[in-house]
Number of protein chains: 2
Amino acid sequence: MRGTDKTLKAETMGKKAPKPIDLARKPRGFPDKREALIHAEQAMIERITGVYRRWGFEGLDTGAFEYTDALGKFLPDEDRPNAGVFALQDDDDQWMSLRYDLTAPLARFAAENWQTLAKPFRRYAAGPVWRNEKPGPGRFREFLQCDADSVGAAGSHADAEMIAMAAEAMRAAGAADGEFAIRVNTRQLLNAVLDGVGAASAEVRLTILRALDKLDKFGTSGVADLLGAGRMDESGDFTKGAGLDVDGVKRVLAFAEAGRETRSDTLEALGQAVGTSESAQTGLAELKAISRALEAFAAPEADVVFDPSVVRGLEYYTGPVFEAELLKETVDEDGRTVRIGSVGGGGRYDDLVARFTGQKVPATGFSVGISRLAAAFAISGEIRALNGPVVVLNLDREDPSEALRLASELRRAGLRAEAYMGSSGMRPQMKYADRRGAPAVVMVGEDELAKGVVTIKDLKEGARQAAAIESNQEYREARPGQFEAPRAELVARVRAIVEADQ
Amino acid sequence: MRGTDKTLKAETMGKKAPKPIDLARKPRGFPDKREALIHAEQAMIERITGVYRRWGFEGLDTGAFEYTDALGKFLPDEDRPNAGVFALQDDDDQWMSLRYDLTAPLARFAAENWQTLAKPFRRYAAGPVWRNEKPGPGRFREFLQCDADSVGAAGSHADAEMIAMAAEAMRAAGAADGEFAIRVNTRQLLNAVLDGVGAASAEVRLTILRALDKLDKFGTSGVADLLGAGRMDESGDFTKGAGLDVDGVKRVLAFAEAGRETRSDTLEALGQAVGTSESAQTGLAELKAISRALEAFAAPEADVVFDPSVVRGLEYYTGPVFEAELLKETVDEDGRTVRIGSVGGGGRYDDLVARFTGQKVPATGFSVGISRLAAAFAISGEIRALNGPVVVLNLDREDPSEALRLASELRRAGLRAEAYMGSSGMRPQMKYADRRGAPAVVMVGEDELAKGVVTIKDLKEGARQAAAIESNQEYREARPGQFEAPRAELVARVRAIVEADQ
């Protein structure tokens with residue numbers, strides 16, 4: 001029988017074959033997550049889906065796999081066809097891919113069930129997505145997204161709803177006044193500006209948009225270089241520019257820098273900067289309608305700003321686009337100042353469902369990166385570590401029943417508790433309790449059994465008292481934080497320690 | 001600008017290219033889940049991980065992928081090497097597989113981090129697993145499991161903990177007295193019986209164990225046939241037997257049917273049936289220690305039974321094994337009586353971590369199939385459908401602001417509410433609200449605006465009243481469930497409807 005000291009030692013010391021090869025390794029980019037992080041991410045998902053639900057969205061979960069041809073070439077954040085997915089062939093030779101976002105499966109689902117869905121179809125989803133990219137620090141190949149989308153909703157007020165809801169999601173996640181902003185733009189205005197400076201080729205248009213996206217990073221003069229001949233960075237590397245003439249550069253910059261304090265001031269400045277083309281008028285009308293709807297939603301000026309330098313997935317979005325940005329700086333474990341920046345975004349994508357149905361179906365949505373958001377609030381210490389279980393030491397190796405009974409009794413009283421299940425002695429058991437973050441340990445040896453008592457040690461109080469004790473001998477005599485209690489008082493005394501600890 | 005009737009119609013009617021090919025399809029075996037099912041599964045996971053946490057286990061999430069060689073050949077439920085997984089090659093040509101259970105990744109994690117873990121390492125996990133098998137009705141290629149394991153815990157009381165916790169998990173899931181049983185056996189006793197009847201070859205041993213597994217289904221005489229020459233079923237198909245002689249058949253059956261009302265009576269009956277070999281003594285000692293620990297945990301006799309006919313994953317388990325079974329019969333949507341049967345199981349697997357470390361590390365665990373369990377309780381109607389959002393109709397297509405404001409106001413009061421975001425008229429909007437399960441709709445047209453009121457319709461009350469109305473004309477005049485309220489009373493009147501509805 002297992003459980004005696006001898007067999008145990010033979011087993012755990014392992015007199016068997018030597019370690020064969022190093023199998024105990026995992027593919028890069030797939031993180032193992034311990035309890036505190038899981039809890040932080042789960043709490044974030046609950047808060048944000050709580051917002052989505054309150055706004056009337058309903059849950060939908062799709063499977064991990066889609067047919068590769070159904071996923072298509074749309075990656076919202078990158079302009080790369082089909083790259084970056086995990087794909088394999090099914091037993092009927094059809095290619096399947098793990099979803100790289102939650103929107104493409106939604107488009108497939110909506111198209112497949114369009115006839116029977118209540119329309120507009122408003123769904124939220126939360127779950128992992130997979131991207132087959134080079135992993136790096138903080139850059140994973142599996143991460144959590146949490147989305148809401150309205151499929152079959154054409155009006156700009158549906159975009160405004162996404163934007164106002166994104167702001168509410170940021171607040172639910174824990175961001176306060178001034179700690180975040182939803183930055184809004186529209187493809188129509190970007191198109192108007194690109195047309196206005198005569199940028200015809202896809203390559204030049206892309207170069208201009210990429211330059212706009214760098215306004216935060218390189219400032220006006222750096223972006224001016226990128227719009228013109230090109231820019232040399234400090235290391236001497238040269239990036240070729242879009243080749244606009246001086247007037248063109250001025251016009252694009254006037255547009256990109258038209259952001260003002262309030263949404264209505266920005267609208268006015270944009271009116272000057274974008275010209276009178278059809279897409280200019282459409283874009284301005286979109287932003288005006290969004291502005292009006294945001295007022296109806298009572299979205300504060302600081303929460304939602306119009307920002308003409310916002311550029312997102314070009315092949316993907318067809319109208320308003322927006323980005324959720326954390327502005328506050330946080331301090332990480334090593335004391336470094338960290339600014340997380342963009343934690344999510346979205347916009348209107350009227351062409352995605354049309355891939356399936358041949359019909360244009362208007363759609364708009366928002367996606368938030370849970371891992372980044374949870375990391376931001378974990379970094380700033382806003383998510384507390386969880387309390388460990390009360391550990392009942394097992395001092396009778398032949399018959400652990402008394403320890404099992406005590407742990408059982410604590411659990412029945414609603415406390416988190418376990419009897420020590422390993423095979424080690426007293427000191428390792430204490431060390432175990434300490435490493436599990438136990439608020440207290442409970443001990444019952446033969447003495448205690450005979451006297452009808454239990455020994456309880458308050459580990460936090462013990463540590464506080466121990467800090468003032470100088471010698472080992474004094475420590476052993478004082479037994480800081482440790483006391484005897486009548487067996488009948490077990491639950492009450494342990495509960496008092498656990499509650500004081502919270 | 002979008003949002004006017006004309007552009008909308010053109011867009012949603014889709015005058016564009018005809019539907020190209022049928023892309024809107026998904027791979028078989030990956031279910032799309034709607035809100036009620038998601039909620040049921042989520043609630044089940046929360047209840048069961050709540051139990052695991054209270055017993056002191058801590059959360060661990062590993063990634064979807066493991067290296068194929070790290071996953072190894074162990075599938076707990078089936079004796080098939082390496083088959084049935086989804087695998088692909090990483091960019092460095094190494095093979096990766098999606099996890100087929102939560103235990104193999106745990107073994108990899110424990111081996112990889114063994115030096116730094118608090119031991120025993122007690123973790124719970126919940127999440128999807130993937131099996132590349134032929135899908136069928138109720139048989140998916142992606143499903144949810146929820147596990148707890150103790151790695152580094154050798155004593156039989158650690159197995160008893162799993163068993164008692166499994167019983168508590170069943171109760172937390174909603175099973176009452178007599179509606180479930182945890183059926184316990186041990187590999188050691190099975191080995192003793194196999195040795196006792198001289199079954200030497202792996203094939204014969206497997207045939208005997210498979211026959212035992214059929215006791216529920218075929219009864220004593222059917223199993224006797226399978227242990228002897230073989231069994232012919234009603235269709236005339238013949239299954240070859242294990243070829244035991246009459247005495248061998250009797251001895252195996254005496255063992256398999258040694259189950260009694262109480263655990264102690266079963267132990268006594270088993271003592272007669274299994275002989276005196278070393279594995280017989282080891283097995284009996286294991287069950288006795290489990291029995292003693294179950295008493296310490298105060299596990300009711302009916303919750304945990306010793307059942308010698310329990311057989312599980314032969315290459316995998318090394319000691320006690322057990323199965324969680326739902327006994328209650330439920331009635332499905334079509335009125336058929338359904339018995340779900342096994343919803344989970346577990347046991348001791350002392351060899352799994354040794355694959356990585358070369359050292360034997362004792363381990364024991366429990367896994368429950370969330371989808372099956374949720375289905376069981378959804379079938380019996382114990383998981384209620386969720387309430388839909390209050391829908392504010394959008395009657396002013398030019399400026400939806402008032403509808404947005406009303407929905408916003410309801411949400412700020414904590415109610416689930418949305419303004420209608422589609423582009424259809426009054427009747428489709430009412431139909432939409434109905435299909436979303438809205439408890440109420442709110443309407444504000446020009447009349448209401450001028451009078452400072454809102455029109456509210458209680459949809460459930462309306463349906464009740466409408467059932468008594470005979471003519472269409474009468475219906476239109478009576479407007480059942482519909483009333484006007486002062487604008488300032490919006491929240492209070494809607495809340496009253498929502499709360500009455502719950």
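Residues numbered from 1 in each chain as written. Chains lettered and ligands numbered in written order. Predicted model: local features only at pLDDT ≥ 70, side-chain atom pairs only at ≥ 80, totals over all residues. Heavy atoms only, no water.

## A closer look at the overall build of chain A
Piece 1. A tally of regular secondary structure across chain A gives 19 helices and 21 strands.
Piece 2. At 30 Å, chain A has a C-alpha radius of gyration far larger than the 23 Å of a compact globule built from 502 residues.
Piece 3. The principal-axis extents of the C-alpha atoms in chain A amount to approximately 95 × 60 × 55 Å.
Piece 4. Long-range pairs, those at least 24 residues apart, make up 69% of the contacts in chain A between residues at least 6 apart in sequence. (Helix = DSSP H or I, 4+ residues; strand = E, 2+ residues; numbered from the N terminus. Rg over C-alpha atoms; globule rule 2.2 N^0.38 Å. Contact = heavy atoms within 4.5 Å.)

## So, the pattern of salt bridges
Piece 1. Within this structure, the stated rule accounts for 70 salt bridges over all chains.
Piece 2. The partner of D159(A) in a salt bridge is R348(A), and the shortest N-O contact between them spans 3.0 Å. Here D159(A), found in helix 5 (residues 156–173), pairs with R348(A), found in strand 15 (residues 341–348); they are 189 residues apart in sequence, far enough to count as distant.
Piece 3. D159(A) gets classed as buried once you look at its relative accessible area, which sits at 2%.
Piece 4. The residue R436(A) makes a salt bridge to E58(B) at a minimum N-O spacing of 3.5 Å. (Salt bridge = Lys/Arg side-chain N within 4 Å of Asp/Glu carboxyl O. Buried < 20%, exposed > 50% of the residue type's maximum accessible area, 1.4 Å probe, protein only.)

## Re the sheet that holds strand 8 (residues 180–186) of chain B
Piece 1. As summarised here, the arrangement of the nine strands in space is 1(A)-2(B)-6(B)-7(B)-16(B)-15(B)-12(B)-8(B)-11(B), forming an open sheet in which the pairing is mixed. Looking at the sheet topology across the chains shown, the edges are occupied by strand 1 (33–34) of chain A together with strand 11 (304–306) of chain B.
Piece 2. Lying over the sheet, helix 4 (residues 103–112) of chain B contacts strand 1 of chain A together with strand 2 (58–61), strand 6 (121–130) and strand 7 (142–151) of chain B, oriented at roughly 40 degrees with respect to strand 7 of chain B.
Piece 3. Together, strand 8 and strand 12 (320–326) of chain B form the strand contacts of helix 6 (residues 187–196) of chain B, whose direction differs from that of strand 8 of chain B by roughly 55 degrees. (Pairing = 2+ DSSP bridges. Axes fitted to C-alpha atoms, helices over the stretch in contact; angles between N-to-C directions.)

## Some remarks on the packing of helix 5 of chain A against helix 11 (residues 278–296) of chain A
All names here are of chain A.
Piece 1. Viewed as axis vectors pointing N to C, helix 5 and helix 11 meet at an angle of 55 degrees, and their least axial separation amounts to 8 Å. The orientation of helix 5 with respect to helix 11, classified from their angle, is oblique. Handedness of the helix 5/helix 11 crossing: right-handed. Counting all contacts with helix 5, which are made through S156, H157, D159, A160, I163 and A164, the residues of helix 11 involved are E286, A289, I290, A293 and L294.
Piece 2. Taken together, the residues of the contact of helix 5 with helix 11 break down into seven nonpolar, two polar and two charged. (Parallel < 35°, antiparallel > 145°, perpendicular 65-115°, else oblique. Left-handed = near helix turned anticlockwise from the far one by under 90°. Nonpolar A, V, L, I, M, F, W, Y, C, P; charged D, E, K, R; others polar.)

## Observations regarding a negative patch on the surface
Residue and element names in this part refer to chain A.
Piece 1. Taken together, E261, D265, E268, E295 and E301 make up a surface patch of like negative charges.
Piece 2. Among the structural elements, D265 can be located in helix 10 (residues 263–273).
Piece 3. We classify D265 as partly exposed; its relative accessible area is 38%. (Patch = residues over 30% accessible without salt bridge, like charges linked within 9 Å, V, L, I, M, F, W, Y side chains within 5 Å. Areas by Shrake-Rupley, 256 points an atom, 1.4 Å probe, with all protein chains shown as cover. Lys, Arg positive; Asp, Glu negative; His and termini not counted. Charge placed at Lys NZ, Arg CZ, Asp CG, Glu CD.)

## Remarks on the relation of the copies chain A and chain B
Piece 1. Structural alignment of chain A on chain B gives an RMSD of 0.1 Å, achieved by rotating through 180 degrees and translating 0.0 Å along the axis. The superposition operator between the copies reduces to a two-fold rotation axis. Among all residues of chain A, the one whose C-alpha sits closest to the rotation axis is L88(A), at a distance of 3.1 Å.
Piece 2. Interface overlap between copies is the fraction of interface residues in one copy that are interface residues in the other; for chain A against chain B it reaches 100%, indicating a shared surface. (Least-squares fit on C-alpha atoms with pLDDT ≥ 70 in both.)

## Section: the side chain of Q429(A)
Residue and element names in this part refer to chain A.
Piece 1. As for its position among the elements, Q429 is in helix 15 (residues 426–435).
Piece 2. Note on Q429: relative accessible area 1%, which makes it buried.
Piece 3. At a separation of 3.0 Å, a polar atom in the side chain of Q429 contacts the main-chain carbonyl oxygen of S424.
Piece 4. Sequence-distant contacts of Q429, that is, excluding residues within four places in its chain, are made with L393, N394, Y420 and S424. (Polar contact = N/O pair within 3.5 Å; in protein donor to acceptor, adjacent residues only side chain to side chain.)

## Section: the sheet that holds strand 4 (residues 87–89) of chain B
Residue and element names in this part refer to chain B.
Piece 1. Read across the open sheet, the three strands follow the order 3-5-4; overall the sheet is antiparallel. The strands lining the two open edges of the sheet, one partner per strand, are strand 3 (65–67) and strand 4. Between one strand axis and the next, the sheet turns through 35 degrees on average, direction left out of account.
Piece 2. By the bridge criterion, three bridges tie strand 3 to strand 5 (residues 95–98) in an arrangement that is antiparallel. The residue bridging E66 from the neighbouring strand is S97, located in strand 5.

## Quick word on the environment of W55(B)
Piece 1. Looking at the element boundaries, W55(B) is found in the loop between helix 2 (35–54) and strand 2.
Piece 2. Overall, the relative accessible area of 2% leaves W55(B) in the buried class.
Piece 3. Placed 93 residues apart in sequence, W55(B) and A148(B) show a C-alpha to C-alpha distance of 9.9 Å.
Piece 4. Beyond its immediate stretch of four places on either side in the chain, W55(B) contacts R411(A), A417(A), E418(A), R122(B), E161(B), A164(B), M165(B), E168(B) and F297(B).
Piece 5. At 3.1 Å, the side chain of W55(B) and the side chain of E168(B) are in polar contact.

## Quick look at the interface of chain A and chain B
Piece 1. Counting from both sides, the interface comprises 120 residues of chain A and, opposite them, 121 residues of chain B.
Piece 2. Buried area between chain A and chain B, both sides added, is near 10200 Å², and the carbon and sulfur share of it is 53%.
Piece 3. Where chain A meets chain B, there are 18 salt bridges.
Piece 4. In this structure, R53(B) engages E35(A) in a salt bridge whose closest nitrogen and oxygen atoms are separated by 2.9 Å. (Buried area = accessible area lost by both parts, 1.4 Å probe.)

## Points about the packing of aromatic side chains
Piece 1. Scanning the entire structure with this criterion turns up 21 aromatic pairs over all chains.
Piece 2. Ring centres of Y316(A) and Y317(A) lie 4.8 Å apart, and the angle between their planes is 80 degrees; this geometry places the pair in the edge-to-face category.
Piece 3. Judged by its relative accessible area of 7%, Y317(A) falls in the buried class.
Piece 4. For the pair Y420(A) and Y432(A), a centre-to-centre distance of 5.5 Å together with 70 degrees between the ring planes defines the contact as edge-to-face. Taken together, the residues Y420(A) in the loop between strand 18 (417–419) and helix 15 and Y432(A) in helix 15 connect sequence positions 12 residues apart. Both residues of the pair, Y420(A) and Y432(A), belong to the buried class.
Piece 5. Through a chain of ring-to-ring contacts, three or more aromatic side chains come together here, namely F30(A), F86(A) and F65(B).
Piece 6. Between K119(B) and the ring centre of W114(B), over which it is positioned, the NZ or CZ distance is 5.0 Å.
Piece 7. Looking at R231(B), its charged tip hangs above the ring of F218(B), at a distance of 3.7 Å from the centre. (Phe/Tyr/Trp six-rings, centres within 6.5 Å; stacked < 30°, edge-to-face > 60°. Lys NZ or Arg CZ within 6 Å of the ring centre and 35° of its normal.)

## Quick look at helix 8 (residues 215–227) of chain B
All names here are of chain B.
Piece 1. Under the 1.5 Å per step criterion, the end-to-end length of helix 8 is only 11 Å for 13 residues, more than 12% shorter than the ideal 18 Å.
Piece 2. Where helix 8 bends most, at S221, the angle is about 80 degrees.
Piece 3. Where helix 8 is concerned, the buried positions are L215, G222, V223, L226 and L227.
Piece 4. In the core, the buried residues of helix 8 are packed alongside helix 7 (202–212), strand 9 (230–232), strand 10 (238–240) and helix 9 (246–256). (Expected span 1.5 Å × (residues − 1). Bend = angle between axes of the 7 residues up to and from the residue.)

## Overview of the domain arrangement of chain A
Piece 1. Considered domain by domain, chain A is made up of domain 1 (35–64 + 99–197 + 246–379) and domain 2 (390–500).
Piece 2. On a C-alpha basis, the centres of domain 1 of chain A and domain 2 of chain A stand 51 Å from each other. (Domains from an automatic or database assignment.)

## Some remarks on unusual backbone geometry
Piece 1. P120(A) follows K119(A) through a cis peptide bond whose omega is 0 degrees.
Piece 2. Mapped onto the elements of the fold, P120(A) is located in the loop between helix 4 (103–112) and strand 6 (121–130).
Piece 3. We note that A298(A) has phi near 55 degrees; this positive angle belongs to a residue other than glycine.
Piece 4. Tracing the sequence through the fold places A298(A) in the loop between helix 11 and strand 11 (304–306).
Piece 5. The backbone of D93(B) sits at a positive phi, close to 75 degrees, despite the residue not being glycine.
Piece 6. Relative to the helices and strands, D93(B) resides in the loop between strand 4 and strand 5.
Piece 7. You can call D93(B) exposed: its relative accessible area is 55%.

## Observations concerning the environment of R231(A)
Piece 1. Of note, R231(A) is situated in strand 9 (residues 230–232).
Piece 2. It is 9.5 Å that separates the C-alpha atoms of R231(A) and S221(A), two residues lying 10 residues apart in sequence.

## Regarding the side chain of R123(B)
All names here are of chain B.
Piece 1. Here R123 lies in strand 6.
Piece 2. Classification of R123 as buried rests on a relative accessible area of 1%.
Piece 3. Of the polar contacts made by the side chain of R123, one reaches the backbone oxygen of L102; its length is 2.9 Å.
Piece 4. Of note is the side chain of R123, whose polar atom sits 2.9 Å from the side chain of D149.

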